[in-house]
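# A look at the structure
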Amino acid sequence: ATSSQPATATFSTTIDYTVGINVASMGGEVELCLEVRDLAGGLVRRLVRQQAAPGIYHAAWDGRDEGGVPVASGVYWCQLRVDPIVLTRKLMVLK
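Calculation criteria
- Residues numbered from 1 in each chain as written.
- Predicted model: local features only at pLDDT ≥ 70, side-chain atom pairs only at ≥ 80, totals over all residues.
- Heavy atoms only, no water.
- Pairing = 2+ DSSP bridges.
- Helix = DSSP H or I, 4+ residues; strand = E, 2+ residues; numbered from the N terminus.
- Axes fitted to C-alpha atoms, helices over the stretch in contact; angles between N-to-C directions.
- Core = buried A, V, L, I, M, F, W, Y, C linked by side-chain atoms within 4.5 Å.
- Buried < 20%, exposed > 50% of the residue type's maximum accessible area, 1.4 Å probe, protein only.
- Contact = heavy atoms within 4.5 Å.
- Phe/Tyr/Trp six-rings, centres within 6.5 Å; stacked < 30°, edge-to-face > 60°.
- Lys, Arg positive; Asp, Glu negative; His and termini not counted.
- Salt bridge = Lys/Arg side-chain N within 4 Å of Asp/Glu carboxyl O.
- Polar contact = N/O pair within 3.5 Å; in protein donor to acceptor, adjacent residues only side chain to side chain.

Let us now look at the sheet that holds strand β3 (residues 30–37). Ordered by their spatial adjacency, 4 strands build an open sheet running β4-β3-β6-β7, and the pairing between neighbours is antiparallel. Each having just a single partner strand, β4 (43–52) and β7 (85–93) make up the two edges of the open sheet. Looking at each pair of strands side by side, their axes are set apart by 15° on average, direction ignored. Direction of pairing for β3 relative to β4: antiparallel, over a ladder of 8 bridges. Bridged to C33 within β4 is R49.

This part is about the environment of V19. Tracing the backbone through its elements, the reader meets V19 in strand β2 (residues 13–19). Separated by 10 residues in sequence, V19 and E29 have C-alpha atoms that sit 9.5 Å apart.

What follows deals with the nonpolar core. Side chains that are nonpolar tend, in soluble globular proteins, to be buried together. Among the nonpolar cores identified, the biggest contains 20 residues, and Y17, L32, L34 and W61 are the most heavily contacted of them. Of all elements in the fold, only β2, β3, β4, β5 (55–61), β6 (74–82) and β7 reach the threshold of two or more residues within this core. Among residues more than four places away in sequence, those in contact with L34 are I15, Y17, R45, R46, L47, V48, A59, C78, Q79 and L80.

Applying the stated criterion across every chain yields a total of 2 aromatic pairs. Between W61 and Y76 the ring centres are 6.0 Å apart and the planes differ by 70°, which places this aromatic pair in the edge-to-face class. Of this pair, W61 sits in strand β5 while Y76 sits in strand β6; the two residues are 15 residues apart in sequence, bridging distant segments of the chain. Judged by relative accessible area, which is 9%, Y76 ranks as buried.

Right, let's get into the side chain of D16. Inspection of the secondary structure assignment puts D16 in strand β2. Summary of buried charges: D16 has no salt-bridge partner, and the nearest side chain of opposite charge, R89, is 12 Å away. Within the structure, the side chain of D16 is placed 2.5 Å from the side chain of H58, a separation counted as a polar contact.

Below you can see the structure in the form of structure tokens.
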């Protein structure tokens, strides 16, 4: 599950997500990847790519792409992949 909590001073958002908490059979660590993508599915920014044990996690996005350039206002996708599960949620950037 994912949720986001926007900050108001400068663009920044914290994305909260959980891994394997409701899956009793999940043991050890799994590969996870949390990315921001544009509407066409192109990678804007990879926020997390790591092995993770079941738990609650948080990732921050400062509204910049992989090159450090601020993104334009608009709609983006936040995609969490924990094989074989893929969850996608909308993010809106307003400046």
